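# Residue-level structure breakdown
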Amino acid sequence: MSVGVALLVGLGIYFLINSKKHIPSQELNFVGTDSKESIDICSENIRSDFENVLDQFDELELTQRIYQLLVVEEIYLQQGLTVGEFAKKLGVQARIVTEILNKLYGHSFKELTNMYRVEYAKEKIEEGFLDLYTVEALGNEAGFSSRTTFFNVFKREIGVCPSEFWKNYLAEAA
C-alpha cells in the first residue's frame, strides 16, 4: 500500500473516530428541535475537523519535503541560500517556512542552516578534510559565504574555532 493511500485510509479512520467526539449529545436528539438545523451543525463540526486534519496533513507533507531538502539533498551547502529560495523549492511562501521551522525545530531558517553547516564541517574535519585543505576551504564547502561567518558560527555552536576543534580531534584520535 502506498504512503498516500495509507494516509487517506488513516484520515478516514480518524474522521470515523473523532467526528463523534465534537457533536454535543443534544444535537443528536432531534426531538423538539429542527432536525435540519442539527444536521447542519453536525456537518459544520465534521467539516471543521476535516479542515484541521487537512492542515495537519499539509504540515506533515511539508515536513517531509523540508527533510528531503535539508538531509537528503543537503541544500544548506549552497552558499547564499535564502529562506525565499528555500520556500520556492518547497512550493510555499517564505512566511510559512519560517513558521514551520520555528514550530518544529525551534530555530529560524538561518540558525537551522548554520547548524547543519557546522555539523557538516565537523564531519569533514573528522574525515580528514583539513589534512589536505584549509579551514577557509572547509567553510566554503560547508556553505558559508565568508571565513568570518564560518568561524563565528562554528565557535558559537561548538565552543571552539574550527582549527582548535581539529587539533582536539587529532589529539583524541591519537
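For the structure itself, look to the data block above.
On a predicted model such as this, the values are computed, not experimentally measured, just so you know.

In terms of regular secondary structure, the protein chain is built from 10 helices and zero strands. Across the protein chain, helices and strands are ordered from the amino to the carboxyl terminus as α-α-α-α-α-α-α-α-α-α. A total of 174 residues make up the protein chain; the buried ones form 29% of that total. Of the contacts made within the protein chain by residues no fewer than 6 positions apart, 55% connect residues no fewer than 24 positions apart. Carbon and sulfur atoms make up 55% of the accessible area of the protein chain, which totals about 11,000 Å².

Right, let's talk about the pattern of salt bridges for a bit. Across all of its chains, the model carries six salt bridges by this definition. With its nearest N and O atoms 3.5 Å apart, the salt bridge here joins glutamate 61 to arginine 65. Here arginine 65 and glutamate 61 lie together in helix α3 (residues 35-72), a separation of four residues that amounts to about one turn. Accessibility expressed as a relative area gives 35% for glutamate 61, which makes it partly exposed. Judged by its relative accessible area of 31%, arginine 65 is partly exposed. Here the salt bridges do not stand alone but share partners, grouping Lys124, Glu127 and Glu141 into one network.

Before going further, it helps to examine the packing of aromatic side chains. Across all of its chains, the model carries eight aromatic pairs by this definition. Aromatic rings pair up to connect Phe144, Phe150, Phe151, Phe154 and Phe165 into one cluster. The lysine or arginine in question, arginine 117, covers the ring of phenylalanine 144, its NZ or CZ lying 5.7 Å from the ring centre. Directly above the ring of phenylalanine 151 sits arginine 147, whose terminal nitrogen or CZ lies 4.3 Å from the centroid.

A grouping of Tyr67, Val71 and Val72 is seen on the molecular surface, where their side chains present a nonpolar patch of about 260 Å² in accessible area. Within the fold, valine 71 resides in helix α3.

Because each turn of an α-helix spans 3.6 residues, side chains separated by three or four positions in sequence point in the same direction. Helix length check: helix α9 (residues 147-158) (12 residues) gives 16 Å between terminal C-alpha atoms against 16 Å at 1.5 Å per residue, within 8%. For α9, the secondary structure elements touched by its buried residues are α6 (109-126), α8 (135-141) and α10 (162-173).

Further remarks concern unusual backbone geometry. Look at glutamate 74: it is not a glycine, yet its phi comes out positive at around 50°. Position of glutamate 74 among the secondary structure elements: in the loop between α3 and α4 (83-90).

About the cut-offs
- Residues numbered from 1 in each chain as written.
- Predicted model: local features only at pLDDT ≥ 70, side-chain atom pairs only at ≥ 80, totals over all residues.
- Heavy atoms only, no water.
- Helix = DSSP H or I, 4+ residues; strand = E, 2+ residues; numbered from the N terminus.
- Buried < 20%, exposed > 50% of the residue type's maximum accessible area, 1.4 Å probe, protein only.
- Contact = heavy atoms within 4.5 Å.
- Areas by Shrake-Rupley, 256 points an atom, 1.4 Å probe, with all protein chains shown as cover.
- Salt bridge = Lys/Arg side-chain N within 4 Å of Asp/Glu carboxyl O.
- Phe/Tyr/Trp six-rings, centres within 6.5 Å; stacked < 30°, edge-to-face > 60°.
- Lys NZ or Arg CZ within 6 Å of the ring centre and 35° of its normal.
- Patch = residues over 30% accessible without salt bridge, like charges linked within 9 Å, V, L, I, M, F, W, Y side chains within 5 Å.
- Expected span 1.5 Å × (residues − 1).

None of the figures reported here should be taken as evidence of function without further support.
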